[in-house]
Amino acid sequence: MNTRKKIIETAYKVFSEKGFSVPSSIIAKEAGVSHGSIFAHFPTMNDLLISLLSDFGDKMGSSLHILAKKCDSVENLLKEHLKVLKEYETFYSRLISEKNRLPNEAKNTFAIIQSTVAFHFSSVIEREIEKGMVKKLPVHMLFNIWLGLVHYYLLNKDFFSDSNESVIKRYGSELLSTYLNLIKNERKVYE
């Protein structure tokens with residue numbers, strides 16, 4: 001494994017476990033690389049954080065982009081959203097809990113990630129609203145309700161699961177089905 005990739009993978013793990021204010025020396029030690037290697041690949045810790053957020057955003061965006069283009073199902077899109085969140089659950093939970101303490105560039109990168117998710121969500125849900133499958137509600141509210149529900153469970157993991165258990169794995173299908181029951185247009189469902 002190349003050094004840059006090793007640093008990135010280790011940083012995901014360390015930031016997830018210890019937060020975003022962890023010193024670079026800890027990441028270097030955990031990765032088994034010299035401290036200087038971090039700065040050879042990432043001139044600042046902010047550069048490393050931006051790289052991680054961009055990597056995460058690229059994975060989220062590309063999986064949702066493909067799905068949004070080929071399907072008309074908000075259910076499938078949200079399943080994919082949960083799948084990516086589950087893969088990065090600890091990192092994403094840390095990200096949403098410490099978002100306000102991040103440097104501005106990292107906050108902006110996070111905003112771009114959320115905008116990408118919202119864009120793909122909107123394109124799919126608008127089609128379902130037009131077909132009468134989903135209640136005619138403001139799309140931004142439908143998205144924010146979904147995100148709020150998921151974020152509530154992630155931020156309050158200690159209420160819902162053991163420390164080593166994934167909240168998304170345990171409650172993802174229940175969150176999805178409850179959300180869909182709230183937004184689905186009952187008349188269309190029973191026709």
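Above this text you will find the structure in question.
Residue indices begin from 1 for each chain and proceed along its sequence in written order. Thresholds applied to this predicted model are a pLDDT of at least 70 for local features of residues and 80 or more for the giving and counting of side-chain atom pairs; totals over whole chains, interfaces and linings are not thresholded and use all residues. Note: side-chain values were computed over all heavy atoms of the structure, leaving out hydrogens and water.

Right, let's get into the overall build of the protein chain. Secondary structure is summarised from DSSP: a helix means a run of H or I of at least four residues, a strand means a run of E of at least two, and numbering begins at the N terminus for each. Along its length, the protein chain carries eleven helices and zero strands. Starting at the N terminus and walking to the C terminus, you meet the elements of the protein chain as α-α-α-α-α-α-α-α-α-α-α. When the backbone C-alpha atoms are referred to their principal axes, the protein chain occupies close to 65 × 35 × 30 Å. Burial classes: relative accessible area under 20% of the type maximum marks a residue as buried, over 50% as exposed, and values in between as partly exposed (1.4 Å probe, protein chains only). Burial statistics for the protein chain: of 191 residues in total, 48% are counted as buried. Considering only residue pairs separated by 6 or more positions, the protein chain has 67% of its internal contacts joining residues 24 or more positions apart. Only the protein chains shown count as cover for residues, and the accessible areas themselves come from Shrake-Rupley with a 1.4 Å probe. Surface exposure of the protein chain reaches about 10,400 Å², of which carbon and sulfur atoms provide 51%. Across the protein chain, the mean location of the 26 positive side-chain charges is 1 Å away from that of the 22 negative side-chain charges. Should any heavy atoms of two residues lie within 4.5 Å, those residues are considered in contact. Think of it this way: Lys and Arg go in the positive column, Asp and Glu in the negative one, and His and the chain ends go nowhere. In this description, the location of a charge corresponds to atom NZ of lysine, CZ of arginine, CG of aspartate or CD of glutamate.

Next up on the list: the packing of aromatic side chains. Only Phe, Tyr and Trp rings take part, Trp by its six-membered ring, and two of them pair if their centres are within 6.5 Å. Stacked means planes under 30 degrees apart, edge-to-face means over 60, and tilted covers everything else. Counted according to the given criterion, the structure contains 16 aromatic pairs. When the centroid spacing of 5.4 Å and the interplanar angle of 50 degrees are considered together, the rings of Y153 and Y171 count as tilted. In this pair, Y153 is assigned in helix 8 (residues 139-155) and Y171 in helix 10 (residues 167-183), connecting sequence segments 18 residues apart. Side by side, Y153 and Y171 carry an identical accessibility label, which is buried. Between F159 and F160 the ring centres are 6.4 Å apart and the planes differ by 80 degrees, which places this aromatic pair in the edge-to-face class. Ring pairs connect the aromatic residues Y12, F15, F20, F56, Y88, F91, Y92 and F110, which therefore count as one cluster.

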